Amino acid sequence: MSSIKQIPVITERKGNPLARVFDEFVRFCRSRSLFILHYCTGCGAIELPPAMTSRFDMERLGIQPMVSPRQADILLITGYVSIKTLKRVILTYEQMGSPKYVIGICSCTVNGGMYWQSYATAKKLDEYMPVDLYIAGCMPRPEAVLAGLQKLMDRIHSGEANSWEDYFRNYDYYLGNQQKLFGENWQTPTDIITEAKHYDLIGEGTLGKHTQLLEQHQKPLEALDMRLGHDLKEPTE
Amino acid sequence: MSQELTHWLDDLLEEIEGIKIRRKSSRRVRADVPADALPALLELLQGRAGYIHLSAISCVDWIEDDEFELVYHVWSYESHSLVSAHIRIAREPGVYLSVYDLYQPAGFFERDIHEMYGIHFEGSPNMEKFILTEWDGPPPMRKEFDSEAYVNEHLNWQEYNPPWLQELIAEGGGVIIPPEEQRFSRKKD
Ligand code: SF4
């Protein structure tokens, strides 16, 4: 009585029937091999050594520190971000390869924490880059850090943790906030719009008046002059 | 020994005119001097009493008196004691002499004070920006600079009041000072 036609067929995904399985597998692997770049901006960083070392040992979750932004998956912002530091944080974030996740540890990254009235610290980290997860506390204990990381793993596994796409889709918003703080001439060495095209993530908010402003001021990016330290000399004319 | 030493120090300090000495403890002496007598005092302390270490220069903005207070902390490794020399200078034009030729670390402290308070030190080797290299507002530690107004103008703020915290507060724990009472500008009278 049942014919082959009655078997439900998922039509939304054409092509390889194994794609879903494969996606699931990729997400599983991704969530179990995370490299964190810990940008130790504030006092909250002090809870990371215990979280990493033998007592709490985040390596058993598959999480390890990494030394360079290019190889890292998670950017861990551990505390207050001064405006001067924020520039470096943004440069670092933009250099990371996608998919990338941002965790704001400490109350200071949520709303400035006890530096709420300081002229030198940025208040809301998620105005300048998409944040996947906040771990509030002043400062959060390693248990909280691990709980947060586990939550992120779950969200990566279930495919919810894709706020990095938001940076490409709404680049104009983030750039606008950055320009408001750093001035109109703000420019980073990463070309986000080209990257958004590469990932096929151009959204309605990718381009706007702030990116137009950027184009007006943009200086062409040049490769760095690679020389050894000792022959760095003043240019002679 | 220390008793002897302090008497000797007292005698020495008497040589400075207009000096007021207050002994805070056996190892701490506070000296208030007129601004123009400070180099002489430091020279005396360094040359004849072994106070060779300038550990800090601090600055206080007394905006109501229209004055800056500069405090020079010098330490002696021989008598293990600290002398804090206080002077007051006028807020306008806010200029004072550098003590770099007596104590070289003063270069750093003076540069820092210049950046934070806008005081100019004549004869200091470098009055360039120090830490706030990307700041172009007024010197932020001056009392007339309203940090909170600056924050309200340039930065946004968000509440953080999740349900679990509300529960805690309802039980009498958690945050005792609500944000609208901390943020003076948002205070509802
Ligand atoms: S939340 Fe507390 S511990 Fe964390 S950076 Fe801010 S002040 Fe430091």
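Provided above is the structure to which this section pertains.
Sequence order as written defines residue numbering, which begins from 1 separately in each chain. Each chain takes a letter, starting from A, and each ligand takes a number, starting from 1, following the order in which they are written. Residue-level local features of this predicted model are given only where pLDDT is at least 70; pairs of side-chain atoms are given and counted only at 80 or more, and the full residue set underlies all totals for whole chains, interfaces and linings. Heavy atoms throughout the structure, all of them, feed into the side-chain values; hydrogens and water do not.

All names here are of chain A. For helix α5 (residues 142-157), built from 16 residues, the straight-helix expectation of 22 Å at 1.5 Å per residue is met to within 8% by its first-to-last C-alpha distance of 22 Å. Buried, partly exposed and exposed residues are distinguished by accessible area as a fraction of the type maximum, computed with a 1.4 Å probe on protein chains only: under 20%, between the cut-offs, and over 50%, respectively. Numbering of helices and strands starts at the N terminus; helices are DSSP runs of H or I of at least 4 residues and strands are runs of E of at least 2. Within α5, burial applies to Pro142, Val145, Leu146, Gly148, Leu149, Leu152, Met153 and Ile156. All buried residues of α5 project into a common sector of 160° when viewed along the axis, lining one side. Note on α5: the residue one or two positions beyond its end, Gly159, has a positive phi of about 80°. Working rule for helices: expected span equals 1.5 Å times residues minus one. Note that the arc is computed from the directions linking the helix axis to the C-beta atoms.

A few words now on the sheet that holds strand β1 (residues 34-39) of chain A. Residue and element names in this part refer to chain A. The 5 strands are arranged β2-β1-β3-β5-β7 in an open sheet whose pairing can be described as parallel. Sheet topology places β2 (63-65) and β7 (133-135) at the edges, where each strand pairs with a single neighbour. Each strand of the sheet is rotated relative to its neighbour by a mean of 25°, with strand direction disregarded. Sheet topology places strand β3 (residues 74-78) next to strand β5 (residues 101-105); 5 bridges connect them, and they run parallel. Across the sheet, Leu76 pairs through a bridge with Ile103, a residue of β5. We call two residues in contact whenever any of their non-hydrogen atoms come within 4.5 Å of each other. Angular values range over 0 to 180 degrees, each being the angle between N-to-C directions of two axes fitted as lines to C-alpha atoms, with helices fitted over their stretch in contact. Of the strands in this sheet, β1, β3 and β5 touch helix α3 (residues 83-95), which is tilted by about 160° from β1. Against the sheet, α5 touches β1, β2, β3, β5 and β7, its axis set at about 165° to β7. Two strands pair if DSSP finds at least two bridges between them.

Let us now look at the packing of aromatic side chains. Residue and element names in this part refer to chain A. Centres within 6.5 Å are what make two rings of Phe, Tyr or Trp a pair, Trp counting through its six-membered ring; a difference in plane orientation under 30 degrees is then read as stacked, over 60 as edge-to-face, and the rest as tilted. Applying the stated criterion to the full structure yields 17 aromatic pairs over all chains. Here Tyr167 and Tyr174 contribute two aromatic rings whose centre-to-centre distance is 5.3 Å and whose plane-to-plane angle is 40°, an arrangement assigned as tilted. Site record: aromatic cluster; members linked through ring pairs are Tyr93, Trp164, Tyr167, Phe168, Tyr171, Tyr173, Tyr174 and Tyr199. For a ring to carry a charge above it, either NZ of a lysine or CZ of an arginine must fall within 6 Å of the ring centroid while also lying within 35 degrees of the normal to the ring plane. Sitting over the ring of Tyr93, Lys100 keeps its end group 4.3 Å from the ring centre.

Residue and element names in this part refer to chain A. Considering the arrangement of structural elements, one finds Arg155 in helix α5. When the C-alpha positions of Arg155 and Ser31 are compared, they lie 8.3 Å apart, and in sequence the two are 124 residues distant. Excluding anything up to four places from it in sequence, Arg155 contacts Asp132, Leu133, Glu160 and Ala161.

As used here, the term nonpolar core means buried Ala, Val, Leu, Ile, Met, Phe, Trp, Tyr and Cys residues forming a set that is joined through side-chain atoms within 4.5 Å. Counting residues in each nonpolar core, the largest one holds 57 residues, and the members touching the most others are Ile74(A), Leu75(A), Leu86(A) and Ile103(A). Boundaries of every domain are those given by an automatic assignment or by a domain database. Looking at this core, you find at least three residues from each of domain 1 (22-161) and domain 2 (162-218) of chain A. One finds Leu38(B), Tyr51(B), Cys59(B) and Tyr72(B) within the second-largest nonpolar core, a separate group that totals 41 residues.

What is shown is where atoms sit, not what they do.
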